[in-house]
Amino acid sequence: MALVRTARIVESKKFTETVRWIKFKMIEPAVLYYQPGNYIILQGRVEGGIKKHAYCFFSIPKEDGSTFELCVKIVSDGNVSRYIDELKIGEAIAFGGPYGSFYPPAEDLFPLIYVTTGTGMSSVHAHLAFLLTKNYHREIKLFWGLRSEEDLFLLEVLESWAQAYKNFSYHIALSQPQGKWEGARGRVTDLLPKVLKNFKPYKFYLSGNGAMIQDVLQLLEGQGVPLENISKEVYFMPRFVPPRVL
Ligand SMILES: Cc1cc2nc3c(=O)[nH]c(=O)nc-3n(C[C@H](O)[C@H](O)[C@H](O)COP(=O)(O)OP(=O)(O)OC[C@H]3O[C@@H](n4cnc5c(N)ncnc54)[C@H](O)[C@@H]3O)c2cc1C
């Protein structure tokens, strides 16, 4: 049976109306070792029982290993994400892990493309923070798809990275912008071929919505990108909503 670990919430804030960032301090054991791209399986207390879901580390491992951070989309009809949203400072969670195999490259042999949607950014943030601070010297491009302006977060961090690291750039696509959005419009999948002229030199890291990942995989196959140059972390597959019959 997997070991159950516990941690206490020490900080929590909303990045947007529906995305919460939370910092935890380990209780048992006092130290947690993990890699960027790993996730935990959190035990949500819902409807008198326990429901388990995976959450990627937003943070990169700290030297003393006593804390970690998550970034969670609060799904309106979701169970575990709403349980997490309602937790108070000082409350404890139980979880298993770390798990996973969505690791950043160990050596800087390739230029990298990250493609993500929504809180798929959690694991991508951990990868980027890790790679940039350890001076990955090849090109890194991030493509991030969100619905509208009110879903944007982390812009200051991305901009500060773009200023500090000349090899890093980012592109955001909003599928349903509400205001005078001057950036790209539409799906992040459609933005990729507009920016990239040649897909072949890159390693691709895909994280978030499974439908987006399916579309990008199809695009990459068409562009002749070999499977071994693609790494992915699928968060969920959107539920099929049948068309309304009038
Ligand atoms: C390896 C892995 C890592 C993950 N890491 C993260 C993470 O770092 N942050 C994070 O927010 N989520 C992450 N997820 C998704 C997470 O595990 C849950 O699926 C999500 O929080 C919904 O759980 P729930 O109990 O609230 O909703 P459920 O009751 O399980 O689902 C309700 C509905 O919401 C849909 N849904 C699930 N996730 C999302 C989403 N993100 N946006 C919109 N709709 C969604 C489902 O398809 C379903 O239709 C990860 C999933 C995996 C497999």
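Please read these numbers as outputs of a predicted model, since none were measured by experiment. (Residues numbered from 1 in each chain as written. Predicted model: local features only at pLDDT ≥ 70, side-chain atom pairs only at ≥ 80, totals over all residues.)

## Some words on the sheet that holds strand β7 (residues 112–117)
Line of reasoning, step 1. Reading across the sheet, the 6 strands line up as β10-β9-β8-β7-β11-β12 and stay open at both edges, with parallel pairing between neighbours. Of all the strands in the sheet, the pair left with one neighbour each is β10 (184–185) and β12 (230–236).
Line of reasoning, step 2. Across the sheet, helix α4 (residues 188–195) is in contact with β7, β8 (140–146), β9 (168–174) and β10; its angle to β8 comes to roughly 150°. (Pairing = 2+ DSSP bridges. Helix = DSSP H or I, 4+ residues; strand = E, 2+ residues; numbered from the N terminus. Contact = placed C-beta atoms within 7 Å. Axes fitted to C-alpha atoms, helices over the stretch in contact; angles between N-to-C directions.)

## Brief notes about the sheet that holds strand β3 (residues 39–46)
The pairing of strands in a sheet comes from backbone hydrogen bonds and takes either a parallel or an antiparallel form.
Line of reasoning, step 1. Read from one edge of the open sheet, 6 strands run β4-β3-β6-β1-β2-β5, paired in antiparallel fashion. Looking at which strands have only one partner, the edges of the open sheet turn out to be β4 (49–56) and β5 (67–73). Strand-to-strand, the axes of this sheet are offset by a mean angle of 40°, without reference to chain direction.
Line of reasoning, step 2. In terms of strand pairing, strand β1 (residues 5–16) meets strand β2 (residues 19–28) through 9 bridges, oriented antiparallel. Residue pairing in the sheet places A7 in a bridge with M26 of β2.

## Examining the domain arrangement of the protein
Line of reasoning, step 1. The domain architecture assigned to the protein consists of domain 1 (5–99) and domain 2 (112–236).
Line of reasoning, step 2. The C-alpha-based centres of domain 1 and domain 2 are spaced at 24 Å.
Line of reasoning, step 3. The partner domain 2 presents 14 residues to the 15 residues of domain 1 that form the contact.
Line of reasoning, step 4. Sorting the residues of the side of domain 1 that touches domain 2 by element identifies β1 and β5 as the ones contributing at least two each.
Line of reasoning, step 5. Take the side of domain 1 that touches domain 2: its biggest share by element is 4 residues, from β5.
Line of reasoning, step 6. Partitioning the side of domain 1 that touches domain 2 into residue classes produces 10 nonpolar, 3 polar and 2 charged. (Domains from an automatic or database assignment. Nonpolar A, V, L, I, M, F, W, Y, C, P; charged D, E, K, R; others polar.)

## So, α4
Line of reasoning, step 1. Turning to α4, its buried residues number three or more, namely V188, T189, L191 and L192. Down the axis of α4, the buried set is contained in an arc of 155°. They therefore lie on one face. Turned more than 90 degrees away from the buried face of α4 sit P193 and K194, all of them exposed.
Line of reasoning, step 2. The inward-facing, buried residues of α4 abut β7, β8, β9, β10 and α5 (210–222). (Buried ≥ 20, exposed ≤ 12 C-beta atoms within 10 Å, placed from the backbone. Arc of directions from axis to C-beta.)

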